[in-house]
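Given next are the chains, with one letter for each unit.
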Amino acid sequence: MKPALSVPLDHPALPGHFPGNPLVPGVMILDLLADDWRELSPDRPLRGIRKAKFQRMLAPGEKLSVEWAEIRDDKVSFRAFVGDEILATGQFALA
């Protein structure tokens, strides 16, 4: 089984998001997902983000998992979870 993804508590981007109550910025979540895709499918590079919707906040150290859908029309959809809760949904365009 693949290990869960997370952002370490001491990541340098976190102190500004937000002091006393750090949250992982959405762009960092998308970067984690992009890294996961690159590891999973190195032969299908990403071209960009088609859409993304965040449905809950992510705290540093929380573990997230991702489900990838089948590739359709040079796009791949994702659903990211924290436990059973949906964190984000969206779609990446493939090169």
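An account of the accompanying structure is given in this report.

Before going further, it helps to spend a moment on the environment of Lys-63. Among the secondary structure elements, Lys-63 is positioned in the loop between strand S1 (46-54) and strand S2 (65-68). C-alpha separation for the pair Lys-63 and Gly-90, spaced 27 residues apart in sequence, amounts to 19 Å. If near-sequence neighbours (up to four positions away) are discounted, Lys-63 is found in contact with Ala-4, Leu-5, Ser-6, Phe-81, Val-82 and Gly-83.

Strand order in the open sheet formed by 4 strands is S1-S4-S3-S2, and the pairing between neighbours is antiparallel. Every interior strand has two partners, whereas the edge strands, S1 and S2, have only one. Taken pair by pair, the neighbouring strands of this sheet meet at an average axis angle of 25°, ignoring direction. By the bridge criterion, 8 bridges tie strand S3 (residues 75-82) to strand S4 (residues 85-94) in an arrangement that is antiparallel. Note that in S4 the partner of Ala-80 across the bridge is Ala-88. In this fold helix H1 (residues 26-40) packs onto S1, S2, S3 and S4, with an angle of close to 130° to the strand it touches most, S1.

The biggest cluster of nonpolar side chains holds 23 residues, and the ones touching the most others in it are Leu-33, Leu-64, Leu-87 and Phe-92. Residue assignment for this core shows that the elements contributing at least two residues are H1, S3 and S4. Here Phe-92 is in contact with Leu-30, Leu-33, Ala-34, Leu-46, Gly-48, Ile-49, Arg-50, Trp-68, Asp-74, Lys-75, Val-76 and Phe-78, once residues within four sequence places are set aside.

Attention now moves to the environment of Asp-43. By secondary structure assignment, the location of Asp-43 is in the loop between H1 and S1. Asp-43 sits in the exposed class, given a relative accessible area of 61%.

Conventions used here
Residues numbered from 1 in each chain as written. Predicted model: local features only at pLDDT ≥ 70, side-chain atom pairs only at ≥ 80, totals over all residues. Heavy atoms only, no water. Helix = DSSP H or I, 4+ residues; strand = E, 2+ residues; numbered from the N terminus. Contact = heavy atoms within 4.5 Å. Pairing = 2+ DSSP bridges. Axes fitted to C-alpha atoms, helices over the stretch in contact; angles between N-to-C directions. Core = buried A, V, L, I, M, F, W, Y, C linked by side-chain atoms within 4.5 Å. Buried < 20%, exposed > 50% of the residue type's maximum accessible area, 1.4 Å probe, protein only.

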